[in-house]
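Residue strings, one per chain:
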Amino acid sequence: MISAAKPETSLNKFEKFKAEKDGLAIKEQLEHFAQIGWEAMDKTDLEHRLKWMGVFYRPVTPGKFMLRLRMPSGILTSTQMRVLAEVLQRHGEDGSGDITTRQNIQLRGIRLEDVPDIFQRFQKVGLTSVQSGMDNVRNITGSPVTGIDADELIDTRELVQQVQDMITNSGEGNPEFTNLPRKFNIAIEGGRDNSIHAEINDIAFVPAYKEGQIGFNVVVGGFFSAKRCEAAIPLNAWVTPDDVVDLCRVILEVYRDNGLRANRQKARLMWLIDEWGVEKFRAVVQEQLGRTLQSAAEKDEIDWEKRDHIGVHRQKQSGLNFVGLHIPTGRFYAQDMFDLARVAEVYGNGEIRLTVEQNVIIPHIPDSRLEAFLAEPLLERFSIEPQPLERSLVSCTGAQFCNFALIETKNRAIDLVKELDESLTITQPVRIHWTGCPNSCGQPQVADIGLMGTKVRKDGKTVEGVDLYMGGKVGKDAHLGTCVQKGIACEDLKPVLQQLLIENFGAKLRP
Ligand code: SRM
Ligand code: SF4
């Protein structure tokens, strides 16, 4: 019997408020909150516990909340998209939506008094936002072309849904997993190109053969935080698809019951693995699972460079295509969402997919409908042939809505990349990721060029700046990039990036 008992520790303030009242308890109080208004709410309920239902108070825009959904594998229906658009439309100019770096959607400008009604609408169309913030499992990612990719090894759609259903009690909320020591990320990849950044998740499943049978190798402990970033390490376990839900459940239980809760900066899963060593962690998981874990397959099947899915691609289903549309930094509005729902229905089968690069895929378009689809005015806004640098641009929320932000990101990222695309010719893809602070939501460590917001002293003044990251590699042999230069003022960034692109990525100045 392996001892998993943890030493007594003092609890941080988050642990204390969670012990006083579980975050999920606010589900029953939403009607009441809607009636009394956010100004009258208890501060901890307002700023923290609401996040258990995916409702985020935004200190930058008080009274206009953000609503973070769950989108297993980033797949939704046109009906669901239309409901999201209707919710935004009601909020007029305040309403906007973002596709997130976890293949998910966030809505902005939401008023608390509308939340009960919004949740009723969500329930009717199978949407949920439960457990999408704070010390819960985030949106579970999967290949955005799962089930339609001819080269896929495992169709992971059902699995991702099953793991979400296990964690959230099918969207109703599950108190078993609402008090983890910290946030938790899970990814399940069934394709060859590691489209979901397996290496930066607390648990990731990547396809691997053992004795001729396809299953998954399991990696654990990947995470980014302001203090430390780590790629996931092998658990030395190979599992069949049938084992995935159970293994996720057991790892979550082990983490919930033994994870470190004294210091929030040292509470992610990797810190527990550090303390125990991965062998002990594996042994405890195995014991709790009640069956022997097979050792990992010698190699996994991630042997492709990462694809970006933009443009027209053939599906594995004969005569059908999927088309990736570029949504600049994932920002869209109610009308865009209505339009996406419409084209998905008119040309496809109503399905819409999201990518971790914050873009959209419309699948199931028959060859005979492709030409008409490509002539849709929507594609002038959301191009299938974006400029080379804008094509791979990713950005976190930044100062416009996030109070952690040290800089403005999305609008600045779009403007700068436009200027760079206008001034340079470049043939190779360059992935530029912006993140507004060291929390790294925009994943600068996976980028060719990562830009992390900071404050810089220039001419005796404090101005917005970035730390420069380079060397992130995605897909096959993925590894994290590192900081190569600190403190570049944003106003000086254009020539720095021009030079970098010329020297390192074969760009040429336009005459
Ligand atoms: Fe994040 C906190 C936005 C992906 C690491 N993240 C936040 C908050 C909730 C802070 C807040 O309350 O304001 C941000 C909300 C801003 C807003 O209004 O939108 C926020 N994170 C985002 C999103 C929306 C960025 C985006 O523009 O796409 C992403 C939402 C994903 C989703 O659908 O759930 C998002 N965040 C990430 C990722 C990337 C990923 O998962 O691949 C990371 C790094 C990976 C990781 O977590 O290991 C990430 N976010 C953090 C952290 C640092 C966690 C840590 O262990 O220290 C925080 C701060 C925290 O949790 O204390 C944070
Ligand atoms: Fe906010 Fe920082 Fe995350 Fe950007 S990286 S969304 S600024 S917490």
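Residues numbered from 1 in each chain as written. Chains lettered and ligands numbered in written order. Predicted model: local features only at pLDDT ≥ 70, side-chain atom pairs only at ≥ 80, totals over all residues. Heavy atoms only, no water.

**What to know about the coordination of the iron atom of ligand 1**
Between any two of four tetrahedral donors, the ideal angle at the metal is 109.5 degrees; between two of six octahedral donors, it is 90 or 180 degrees. Inspection of the coordination sphere of the iron atom of ligand 1 shows a single protein donor, Cys441 (SG), at 2.3 Å. Tracing the backbone through its elements, the reader meets Cys441 in the loop between strand S20 (432-435) and strand S21 (449-458). (Donors = N, O, S within 2.8 Å, 3.2 Å for Na, K, Ca; no water. Helix = DSSP H or I, 4+ residues; strand = E, 2+ residues; numbered from the N terminus.)

**Brief notes about the domain arrangement of the protein**
You can read the domains of the protein as domain 1 (55-126 + 308-386), domain 2 (130-307) and domain 3 (390-509). Taking only C-alpha atoms into account, the centre of domain 1 sits 25 Å from that of domain 3. Counting from both sides, the interface comprises 20 residues of domain 1 and, opposite them, 16 residues of domain 3. Both sides of the domain 1 and domain 3 interface together cover about 1600 Å² of buried area, and 50% of this is carbon and sulfur. The residue Lys410 makes a salt bridge to Asp98 at a minimum N-O spacing of 3.9 Å. Scanning the region where domain 1 abuts domain 3 turns up eight residue pairs in polar contact (both at pLDDT 80 or more). Broken down by secondary-structure element, the contributors of at least two residues to the side of domain 1 that touches domain 3 are strand S4 (96-99) and strand S5 (105-110). Residues that form the side of domain 1 that touches domain 3 fall into these classes: six nonpolar, eight polar and six charged. (Domains from an automatic or database assignment. Contact = heavy atoms within 4.5 Å. Buried area = accessible area lost by both parts, 1.4 Å probe. Salt bridge = Lys/Arg side-chain N within 4 Å of Asp/Glu carboxyl O. Polar contact = N/O pair within 3.5 Å; in protein donor to acceptor, adjacent residues only side chain to side chain. Nonpolar A, V, L, I, M, F, W, Y, C, P; charged D, E, K, R; others polar.)

**A few points about the pairing of S20**
Residues Ile432 and Trp434 line one face of S20 and the alternating positions His433 and Thr435 line the opposite face, and both faces are buried. Pairing of strand S18 (residues 394-395) with S20, which is carried by two bridges, proceeds in the parallel orientation. Across the sheet, the residue bridging to Val394 is His433, located in S20. With four bridges connecting them, S20 and S21 associate as parallel partners. (Buried < 20%, exposed > 50% of the residue type's maximum accessible area, 1.4 Å probe, protein only. Pairing = 2+ DSSP bridges.)

**Some thoughts on the site of ligand 2**
Close to ligand 2 lie Cys396, Thr397, Cys402, Phe404, Ala405, Thr435, Gly436, Cys437, Asn439, Ser440 and Cys441. Taken together, the residues of the shell around ligand 2 break down into six nonpolar, five polar and no charged. (Near = heavy atom within 4 Å.)

**Let's talk about the environment of Gly436**
With respect to the helices and strands, Gly436 occurs in the loop between S20 and S21. Gly436 sits 15 residues away from Leu451 along the chain, and the two C-alpha atoms are 8.3 Å apart. Those residues in contact with Gly436 that lie beyond four places of it in its chain are Cys396, Ala405, Leu406, Ile407, Thr409 and Gly453.

**Brief notes about the layout of surface pockets**
For the second largest pocket, the calculated volume is near 750 Å³. Where the lining of the second largest pocket is concerned, the elements lending two or more residues are helix H2 (30-36), strand S3 (75-77), helix H5 (115-124) and helix H6 (157-168). When residues are assigned to domains, the lining of the second largest pocket turns out to be shared by domain 1 (55-126 + 308-386) and domain 2 (130-307), each giving three or more. (1 Å grid on protein atoms, 1.4 Å probe; cavity = no way out; pocket = protein on both sides within 12 Å on 5 of 7 lines; lining within 4 Å. Points joined across faces, edges and corners; volume = space filled by probe spheres on them.)

**A short note on the environment of Ile449**
Within the secondary structure, Ile449 is located in strand S21. A relative accessible area of 0% means that Ile449 is categorised as buried. Measuring from C-alpha to C-alpha, the distance between Ile449 and Ile432 comes to 4.8 Å, with 17 residues separating the pair along the chain. With sequence-adjacent residues up to four places away left out, Ile449 is seen in contact with Val430, Arg431, Ile432, His433, Leu468, Tyr469, Leu497, Leu500, Leu501 and Phe505.

**Brief notes about the packing of aromatic side chains**
With the rule as written, the count across this model stands at nine aromatic pairs. Between Trp276 and Phe281, the aromatic rings sit 6.4 Å apart at their centres with planes inclined by 45 degrees, giving tilted as the arrangement. Using a relative accessible area of 14% as the deciding quantity, one classes Trp276 as buried. On the basis of an interplanar angle of 70 degrees and a centroid distance of 5.4 Å, the ring pair of Tyr347 and Phe373 is categorised as edge-to-face. Of this pair, Tyr347 sits in helix H10 (residues 334-347) while Phe373 sits in helix H11 (residues 367-374); the two residues are 26 residues apart in sequence, bridging distant segments of the chain. Phe373 shares its class with Tyr347; the two are buried. Among the aromatic residues, those joined into a cluster by ring pairs are Phe14, Phe17 and Trp52. In this structure, Arg228 is placed above the aromatic ring of Trp271, and the distance from its NZ or CZ to the ring centre is 4.4 Å. (Phe/Tyr/Trp six-rings, centres within 6.5 Å; stacked < 30°, edge-to-face > 60°. Lys NZ or Arg CZ within 6 Å of the ring centre and 35° of its normal.)

**Focus on the sheet that holds strand S8 (residues 203-210)**
With mixed pairing, five strands are arranged side by side in an open sheet as S6-S7-S8-S9-S12. Strands at the two margins of the open sheet, each flanked by one partner only, are strand S6 (141-142) and strand S12 (233-239). Relative to S12, strand S9 (residues 213-220) runs antiparallel, the two being bridged by four bridges. Considered in S12, the bridge of Phe216 is made with Val239. Against the sheet, helix H7 (residues 244-258) contacts strand S7 (186-188), S8, S9 and S12, and its axis sits at roughly 140 degrees relative to S8. (Axes fitted to C-alpha atoms, helices over the stretch in contact; angles between N-to-C directions.)

**Quick look at the pattern of salt bridges**
Side chains carrying opposite charge are able to pair once their charged atoms draw close together. Throughout the structure, instances matching the rule amount to 49 salt bridges. Its salt-bridge partner being Arg49, residue Asp42 comes within 3.9 Å of it at the nearest N-O pair. Salt-bridge contacts for Asp367 lead to Arg314; the nearest nitrogen and oxygen are separated by 3.0 Å. You can see Asp367 sitting in helix H11 and its partner Arg314 sitting in strand S13 (residues 311-314), a full 53 residues away along the chain.

**Here's the deal with the site of ligand 1**
Around ligand 1 sit 32 residues, and of these Thr100, Arg108, Lys183, Thr397 and Cys441 come closest. With respect to ligand 1, the side chain of Lys51 contributes an N or O atom lying 3.2 Å from an oxygen atom. Looking at the shell around ligand 1, the elements that each hand over two or more residues are strand S2 (65-68), S5 and strand S10 (223-224).

**Focus: the side chain of Thr141**
Take Thr141: it is sitting in strand S6. Looking at Thr141, the relative accessible area reads 1%, which means it is buried. Aside from chain neighbours lying at most four places away, what touches Thr141 is Arg102, Gln103, Val160, Ile186, Ala187, Ile188, Ile196, Asn201 and Val356.

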